[in-house]
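Residues per chain are reported as follows:
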Amino acid sequence: MKHFIVFILISFSQQTNAQELFVMTEPASNMPAGAIGVRTLNSFMYEKDGTLNYHIMPEIMWGITAKWMIHVQSFHSNRTTGGLKTEGGSLYAKYRFYSNDDMHKHFRMALYGRYSKNRADIHQDEIETMGHNTGYEGGLVATKLVNKVAISSSLSFEKALNNMPNYKFPTTQSNNATNYTLSVGKLMYPKNYTSLKQTNINLMCEFLGQRLNANGKSNLDIVPSLQFIIRSQARIDFAYRKQLYSTMTRTAPNGFMVKFEYTFFNVTK
Amino acid sequence: MKKIIFAIAFLIASVITNAQITKVEIMATGLTCSMCSNAINKQLKTIAEVEKVDIDLNKNLFVVTLKADNKLTPKTFKDKVEKAGFFIGSMVLSVNFANQNVEDNKQIDNYIFIDTKAQTLNGLAKVKVLDKGYVTSKEYKKLAKTFVKYQTYAKGDEGIFHLKAI
């Protein structure tokens, strides 16, 4: 325990290149082995009636080995009346199976999966196991880094099950979907490094798409974001999610997001 | 016979004890940002025999100064960099030699000098580790062709290191 506290105090750090630490998607790179990260995603989404709802998703991440990592996450929101309520949680795992690295660049690929439980009412066509649906998702992500630019793309299959306690998934809706993402990040500052204490600024843009396999309904969102990396330790992201088009019902696709993250280094062997 | 083998083993061991790694210069691949450098930095600092780590963030160069009388091999550093999620692009060791005769394809304990002219190394000298995992994957492909005559090189035994005096 003493060691744990000491490590927390003196040594947090992060592993993946900041340019690929995207707000909405995970890159193919993992955290360092033995590191534990904590983060929260705070979303302020506009409902159709103009009201703003708040979602908070705290997450703990663990780099088991250099190739394997897991995340445990919980979902809370004030979408229904009565203040902030816990709606569910999820378990996520990622395995980096390919890595081709060279000076100032890499190409990596990883497989990932998520299983989520949720007790919210099912109120839209869109399937989202991160915070809305009980279900699972499995996919492949590839990430290319060249100097100051990172490009990452993923393809996944997502299936919704019945939500707890007895919100059945509507038989009239498609219960499975294909998701695709494209994320680009660029290190804007500094031009040249002088120390680990310099603040890094990354500019990012992500595209998130979903197609419901049973009925062909689809959507596409754009998420521009600005990221600050402080003392090579902490991370703060500011993002805005905007729907580009949608042929499916979605209750609150647009809104602002703020994400905080720390990684506690060398916590486990 | 046993005595002779023991004597030879002792001699080899003492030769290596005389050749002490004092500094390791590691160029890491697969990263550009300072956070990743920090991840490697923190991993390297978990090695008890490490005195300090100096970093050139623009080159991803880590200069690791070691404490005296360490028995570390290059593999310790490779494992740490890979635990951080990255790879080694080049590794140069500063070794304190005591009148060590080296020649091409000569093995001294776990180290084999290759692509090296016969010479006597005395005092601080730099040697480059040429094995798989200690050079970029592209460079290794080239070296594997060039060094086909060294049978131990292609074997890729993780406990044997191929060095070139530079």
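Each remark here, short or long, concerns the structure printed above.
Counting from 1, residues in each chain are numbered in the order their sequence is written. Labels are handed out in written order, letters beginning with A for the chains and numbers beginning with 1 for the ligands. Where local features are concerned, this predicted model is filtered to residues with pLDDT of at least 70; where side-chain atom pairs are given and counted, the filter is 80 or more; whole-chain, interface and lining totals use all residues.

A. Highlighting the overall build of chain B. Runs of E in the DSSP output that reach at least two residues are strands. Runs of H or I that reach at least four are helices, and both are numbered from the N terminus. In terms of regular secondary structure, chain B is built from five helices and eight strands. Counting from the amino terminus, helix and strand elements in chain B follow one another as α-β-α-β-β-α-β-β-β-β-α-α-β. With C-beta atoms placed from the backbone, a residue is buried if 20 or more other C-beta atoms are within 10 Å of its own, exposed if 12 or fewer are, and partly exposed between those counts. Buried positions account for 35% of the 166 residues belonging to chain B. What counts as a contact is two residues whose backbone-derived C-beta atoms lie within 7 Å of each other. Here the contacts in chain B between residues at least 6 apart in sequence split such that 70% fall between residues at least 24 apart.

B. Local environment of the sheet that holds strand β2 (residues 52–63) of chain A. Residue and element names in this part refer to chain A. Ordered by their spatial adjacency, 12 strands build a closed barrel running β1-β2-β3-β4-β5-β6-β7-β8-β9-β10-β11-β12, and the pairing between neighbours is antiparallel. Averaged over all adjacent pairs, the angle separating strand axes in this sheet is 20 degrees, with direction ignored. Relative to strand β7 (residues 149–160), strand β6 (residues 135–146) is paired through 12 bridges, and the arrangement is antiparallel. Note that in β7 the partner of Tyr-136 across the bridge is Lys-159. In this analysis, strands are considered paired if DSSP registers two or more bridges between them. Lines are fitted to the C-alpha atoms to define the axes, a helix being fitted only along its stretch in contact, and any angle between axes, read from their N-to-C directions, falls within 0 to 180 degrees.

C. Local environment of unusual backbone geometry. Residue and element names in this part refer to chain A. Here Met-164 and Pro-165 are connected by a cis peptide whose omega angle stands at -20 degrees. By the secondary structure assignment, Pro-165 is in the loop between β7 and β8 (176–189). Of the consecutive residues Tyr-189 and Pro-190, the connecting peptide bond is found in the cis state with omega at 0 degrees. Note that Pro-190 resides in the loop between β8 and β9 (200–212). Its identity as a non-glycine residue notwithstanding, Arg-231 has a phi of 50 degrees, on the positive side. Within the secondary structure layout, Arg-231 lies in the loop between β10 (218–230) and β11 (234–246).

D. Just the sheet that holds strand β7 (residues 119–129) of chain B, in detail. All names here are of chain B. Spatial strand order, β2-β3-β1-β4-β7-β8-β6-β5: eight strands in an open sheet with mixed pairing. Two strands close off the open sheet at either side, each with one partner strand: β2 (50–56) and β5 (106–108). Along the sheet, successive strands turn relative to each other by an average axial angle of 30 degrees, direction set aside. Relative to strand β6 (residues 111–113), β5 runs antiparallel, the two being bridged by three bridges.

E. Representation of the environment of Lys-259 of chain A. All names here are of chain A. With respect to the secondary-structure elements, Lys-259 resides in strand β12 (residues 255–264). Under the C-beta neighbour-count criterion, Lys-259 is labelled buried, with 22 such atoms within 10 Å. Excluding residues within four positions of it along the chain, Lys-259 makes contact with Val-23, Arg-39, Leu-41 and Asp-237.

F. Local environment of the interface of chain B and chain A. Taken together, the contact between chain B and chain A spans 25 residues of the former and 33 residues of the latter. Among the elements of the structure, α2 (34–44), α3 (74–83), β4 (87–102) and α4 (137–146) of chain B are those that each provide at least two residues to the side of chain B that touches chain A. Looking at the side of chain B that touches chain A, the element that brings in the most residues is α2 of chain B, giving seven residues. Each residue receives one of three labels: charged for Asp, Glu, Lys and Arg, nonpolar for Ala, Val, Leu, Ile, Met, Phe, Trp, Tyr, Cys and Pro, and polar for the others, Gly being one of them. When its residues are assigned to classes, the side of chain B that touches chain A shows nine nonpolar, 12 polar and four charged.

G. Spotlight on the pairing of β9 of chain A. All names here are of chain A. Of the two faces of β9, the one holding Asn-200, Asn-202, Met-204, Glu-206, Leu-208, Gln-210 and Leu-212 is buried and the one holding Ile-201, Leu-203, Cys-205, Phe-207, Gly-209 and Arg-211 is not buried anywhere. Sheet topology places β9 next to β10; 12 bridges connect them, and they run antiparallel. Bridge pairing in β10 links Gly-209 to Leu-220. The antiparallel pairing of β9 with β10 creates a hairpin that spans five residues between the two strands, and Gly-216 there sits at a positive phi of about 75 degrees.

H. A look at the nonpolar core. Among buried residues, those of type Ala, Val, Leu, Ile, Met, Phe, Trp, Tyr and Cys that are joined through C-beta atoms within 7 Å form a set called a nonpolar core. If you look at the biggest cluster of nonpolar residues, it comprises 53 residues, and the most contacted ones within it are Val-24, Ile-26, Ala-28, Ile-40, Val-81, Phe-86 and Met-91 of chain B. Element by element, the count of residues in this core is highest for β4 of chain B, at six residues. Apart from residues lying up to four places away in sequence, Ile-40 of chain B is in contact with Ala-28, Phe-62, Val-81, Ala-84 and Phe-86 of chain B. Residues Met-31, Ile-36, Met-61 and Phe-265 of chain A belong to the second largest nonpolar core, which totals seven residues.

I. Structural view of α3 of chain B. Residues and elements named next belong to chain B. For α3, every residue scored as buried is listed here: Pro-74, Phe-77, Lys-80, Val-81, Glu-82 and Lys-83. Looking at the buried positions of α3, the neighbouring elements they touch are β1 (20–29), α2, β3 (61–66), β4, β7 and β8 (161–165). One or two positions beyond α3, positive phi appears at Gly-85, with a value near 100 degrees.

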